Amino acid sequence: MSNLSSVLSAVPSLQRKLEGRALRSILLSALVWISALVASVPLFSVLYMLIMRGGSRLSLEVFTELPPAGFEMGGGFGNALVGTFVMVGIAAAIAIPVGIMAAVFLAELGPSSKLANTARFAAKTLTGLPSILAGVFAYAMVVLTTGTYSAPAGGVALAVLMLPIVVLTAEEAMKMVPKIMKDAAYGMGCTRSQVVWKVVLPTGMPAILTGVMLAVARAAGETAPLLFTALFSNYWIFHEGQLEVMSPTASLAVLIYNFSGMPFDNQLELAWAASLVLVMIVLVVNVVSRIVGKPKF
Amino acid sequence: MEKPFVVPAQADSVCQPPSSLEFFVDRAFRALARIGVILILALVVALVFEIGRKAIPGIQKYGIDMLIGTVWDVNQQKFGILPAIWGTLYSALIALLIGGFFGVAMAIFLTQDFLPARLAAVFRTIVELLAAIPSVVYGLWGIFVVIPAIRPLTDGLHAAFGWIPFFGTTLSGPGLLPASLVLAIMILPTIAAVSQDALRSVPMKTKQAAYGMGTTHWEAILKVMVPSAATGIFGALVLGLGRALGETMALAMLVGNSNQISLSLFSPANTLSALLALNFPEAGPNEIEVLMYAALILMFITLVVNVIGSLIMAYAQRGAR
């Protein structure tokens, strides 16, 4: 009898026991589950606060009225919304053409040339550029040269941040275009630019658009580069019938920053409402870019 | 002008050589594309050159004194940025500890078969949306949610463990800990995304070999998968650190902007980016020189960290091939 049990104990048990390695596995699994859930809490907390505190203030008049001063009631952020669109528009007008042209070179014309490798590294380094330094750069280049805070200065700062995103995503998009399609075009006697215009760009367009829209979404939410390039303004950019581009310009992001430090409830409510609008814009652009960018083949 | 290509014998062929005009357009387009690339390089050069040139007067006037000075007083013309440098590094490191842990945990969670595909897509979207929210909104949220939420905890820690330098002061509104927490949330998506790529690039066979030798799920992850992807994960952490060092708005709104060097997590502090954000809009010409100097220091720190991160990533990709 004792003989048998000693033999049995020598054979490792095939039953799962909650000790040692198995127990450690379960504990670690619980740990990552909890970590993932904890990491998701901030998103829902932010969205909850935006909807509760921003949503209650949201009305038509916040889109059409000017920011209130000190103890004033009511008001809105119509001029800031327009300013954000104007400055993101300027930035896009600079960054998208330059970015896509550069991406054409990186992906098609000289992918492994020294110039391309250097530029690729430069673009990757630029993605890590602190956004405030883009502001410092635009301040030195545009504000000091023109002598005034302005919408174009803000636009240049945002363009610096958009450019590397556009370049790198557009390059990836063009590289995804199947080589046989390009070879077929070359075989018919297309020049390299014809291949780019008629095959690479149309085929890669959905993915290029995704990158462009992500860059736009990022630029719309940036605050730091605008603080001392566009500054802020309590007036419309269209003033008395004419467009005053070369003067301080309001933006949603700077409005949120300015109002967040104010001791007045009205301004704080407006800051939350403006945050809700800003996040809605950014999220809508994000979702649309995802739908547009779905590969079709 | 002589045609650069030979005309085919049959005129009705679909294959046509490019005409002179097409040839010219091709050349012009390629030149344009090259200009686009050169503009990127020019931008980088201009960035360094412009900020460097505007910082030269400040460097000549204050030199090394500014880097080791601790007082920032515009009226006395005293400009010391040591507290800001300290705050930049300290807040980024704490954010990296927290954001790094959750980011890598999230990457393991999403890549190592813990979830059915559909649920994994939900969590992936959550991480991407975390990255999409503008930093100024995080700042606003930090002021009204994070600070009130952690106040009881910090008061308790200070009362119980006040003799430990990290808990040496009470949290009086803005401070290093709330700023670092928000910073951690902001760098989490970067770390999670890059670590996921690293973990995915480990060949399936490697994991199957580990299972075949009788490892548990977690032994395979910790002893095989994570070490195989270690270079990529390390690169992700360095890139996250680079983001944390340069982030501005959340810090300008939450860190308290007080020029002091303290180990306490609850005391207000300052960072280079917050210093720039707060002082630039109202700065006189004299102060601008100093701020350009500070901007140059910030650029140097982030550039070094980012270049190291990019090199590690390039090394990891070469290793994976």
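Values in this document were obtained by computation on a predicted structure and should not be read as measured data. (Residues numbered from 1 in each chain as written. Chains lettered and ligands numbered in written order. Predicted model: local features only at pLDDT ≥ 70, side-chain atom pairs only at ≥ 80, totals over all residues. Heavy atoms only, no water.)

Of the regular secondary structure elements, chain A holds twelve helices and two strands. Ordered by position in the sequence, the α and β elements of chain A form the string α-α-α-α-α-α-α-α-α-α-β-β-α-α. For a compact globule of 297 residues, the expected C-alpha radius of gyration is about 19 Å, and chain A comes in at 27 Å, more than 25% above that figure. Taking the principal axes of its C-alpha atoms as reference, chain A extends roughly 105 × 70 × 35 Å. Across the 297 residues that make up chain A, the buried fraction comes to 52%. (Helix = DSSP H or I, 4+ residues; strand = E, 2+ residues; numbered from the N terminus. Rg over C-alpha atoms; globule rule 2.2 N^0.38 Å. Buried < 20%, exposed > 50% of the residue type's maximum accessible area, 1.4 Å probe, protein only.)

Attention now moves to the overall build of chain B. What chain B contains, in helices and strands, is eleven helices and two strands. The order of α-helices and β-strands along chain B, N terminus first, is α-β-β-α-α-α-α-α-α-α-α-α-α. On C-alpha atoms alone, chain B measures out to a radius of gyration of 26 Å, which is more than a quarter above the 20 Å that the 2.2 N^0.38 rule sets for 321 residues. Seen along its three principal axes, the alpha-carbon backbone of chain B occupies a region of about 95 × 65 × 35 Å. Taken over 321 residues, chain B has a buried fraction of 51%. A total accessible area of about 14,700 Å² is found for chain B, and carbon and sulfur atoms account for 68% of it. One finds the centroid of the 18 positive side-chain charges in chain B at a distance of 8 Å from the centroid of its 16 negative side-chain charges. (Areas by Shrake-Rupley, 256 points an atom, 1.4 Å probe, with all protein chains shown as cover. Lys, Arg positive; Asp, Glu negative; His and termini not counted. Charge placed at Lys NZ, Arg CZ, Asp CG, Glu CD.)

Moving on, we come to helix α8 (residues 230-246) of chain B. In this model, α8(B) (17 residues) spans 25 Å end to end at C-alpha, consistent with the 24 Å of a helix rising 1.5 Å per residue. For α8(B), the set of buried residues is G232(B), I233(B), G235(B), A236(B), V238(B), G240(B), L241(B), G242(B), A244(B), L245(B) and G246(B). (Expected span 1.5 Å × (residues − 1).)

Among the nonpolar cores identified, the biggest contains 198 residues, and F77(A), M174(A) and I81(B) are the most heavily contacted of them. The biggest single contributor to this core is helix α4 (residues 78-109) of chain A, with 17 residues. Apart from residues no more than four positions distant in its own chain, M174(A) is found in contact with I100(A), A103(A), V104(A), A107(A), E108(A), V200(A), L201(A) and I208(A). (Core = buried A, V, L, I, M, F, W, Y, C linked by side-chain atoms within 4.5 Å. Contact = heavy atoms within 4.5 Å.)

Here chain B averages 88 in pLDDT, while 94% of its residues score no lower than 70. Across the predicted assembly, pTM comes out at 0.90 and ipTM at 0.89. (pLDDT = per-residue confidence, 0-100.)

Moving on, we come to the pattern of salt bridges. Here the structure, examined in full by the defined rule, presents 13 salt bridges over all chains. With a shortest N-O distance of 3.0 Å, E171(A) and R120(A) are connected by a salt bridge. Placement of the pair is E171(A) in helix α7 (residues 151-175) and R120(A) in helix α5 (residues 114-127), with a sequence separation of 51 residues. Among the salt bridges present, the one from E128(B) reaches R290(A), with a minimum N-O distance of 2.9 Å. You can see E128(B) sitting in helix α3 (residues 117-132) and its partner R290(A) sitting in helix α12 (residues 265-292), one on each of two chains. Judged by relative accessible area, which is 39%, E128(B) ranks as partly exposed. (Salt bridge = Lys/Arg side-chain N within 4 Å of Asp/Glu carboxyl O.)

Residues and elements named next belong to chain A. Two numbers describe how helix α2 (residues 20-55) lies on α12: the axes approach to 8 Å, and their chain directions differ by 125 degrees. It follows from the interaxial angle that α2 and α12 lie oblique. As α2 runs across α12, the sense of the crossing is left-handed. When α2 is examined against α12, the residues M49, L50, I51, R53, G54 and G55 are found in contact with a partner set consisting of W272, A273, S275, L276 and V279. Partitioning the contact of α2 with α12 into residue classes produces seven nonpolar, three polar and one charged. (Axes fitted to C-alpha atoms, helices over the stretch in contact; angles between N-to-C directions. Parallel < 35°, antiparallel > 145°, perpendicular 65-115°, else oblique. Left-handed = near helix turned anticlockwise from the far one by under 90°. Nonpolar A, V, L, I, M, F, W, Y, C, P; charged D, E, K, R; others polar.)

Evaluation of the coordinates by the stated rule reveals 18 aromatic pairs over all chains. Judged by centre distance (6.0 Å) and plane angle (80 degrees), the ring pair of F63(A) and F77(A) falls under edge-to-face. With F63(A) in helix α3 (residues 61-64) and F77(A) in the loop between α3 and α4, this residue pair connects regions lying 14 residues apart in the sequence. The class for F63(A) is partly exposed, based on a relative accessible area of 31%. When the ring of Y138(B) is compared with that of W141(B), the centres are 6.3 Å apart and the planes differ by 70 degrees; the resulting orientation is edge-to-face. Remark: W141(B) and Y138(B) occur in helix α4 (residues 135-161); sequence separation between them is three residues, near one turn of the helix. Using a relative accessible area of 1% as the deciding quantity, one classes Y138(B) as buried. Taking relative accessible area as the criterion, W141(B) reaches 5% and is therefore assigned buried. Clustering of aromatic rings is evident, with ring pairs tying together W33(A), F109(B), F114(B), F123(B) and W218(B). One Lys or Arg, R53(A), reaches over the ring of F144(B) and ends 5.2 Å from the middle of that ring. (Phe/Tyr/Trp six-rings, centres within 6.5 Å; stacked < 30°, edge-to-face > 60°. Lys NZ or Arg CZ within 6 Å of the ring centre and 35° of its normal.)

Next up on the list: the interface of chain A and chain B. Contact residues are listed per partner, giving 80 residues for chain A and 80 residues for chain B. With both sides pooled, the region where chain A packs onto chain B buries about 7,000 Å², and carbon together with sulfur makes up 80% of that total. Ranking the residues of chain A by area buried against chain B places L43(A), M101(A) and Y257(A) at the top, with a combined share of 8%. Across the contact surface, chain A and chain B share two salt bridges. Close ionic contact of R21(A) with E219(B) constitutes a salt bridge, the shortest N to O distance being 2.9 Å. (Buried area = accessible area lost by both parts, 1.4 Å probe.)

Positive phi is not limited to glycine here, since L231(A) has a value of about 55 degrees. Mapped onto the fold, L231(A) is located in the loop between α10 (224-227) and β1 (238-239). Assessed through its relative accessible area of 22%, L231(A) is described here as partly exposed. Positive phi is not limited to glycine here, since Q77(B) has a value of about 60 degrees. Here Q77(B) lies in the loop between β1 (72-73) and β2 (78-79). Residue Q77(B) is classed as partly exposed on the basis of its relative accessible area of 35%.

Another aspect to go through is the packing of α7(A) against helix α9 (residues 192-221) of chain A. Residues and elements named next belong to chain A. Where α7 meets α9, the axes come as close as 8 Å, and the angle between the chain directions of the two elements is 150 degrees. Judged by the angle between their axes, α7 and α9 are roughly antiparallel. Where α7 crosses over α9, the handedness of that crossing is right-handed. Listed contacts from α9 to L158, L161, M162, I165, V166, T169, A170, A173 and M174 of α7 are V200, L201, G204, A207, I208, G211, V212, A215, V216, R218 and A219.

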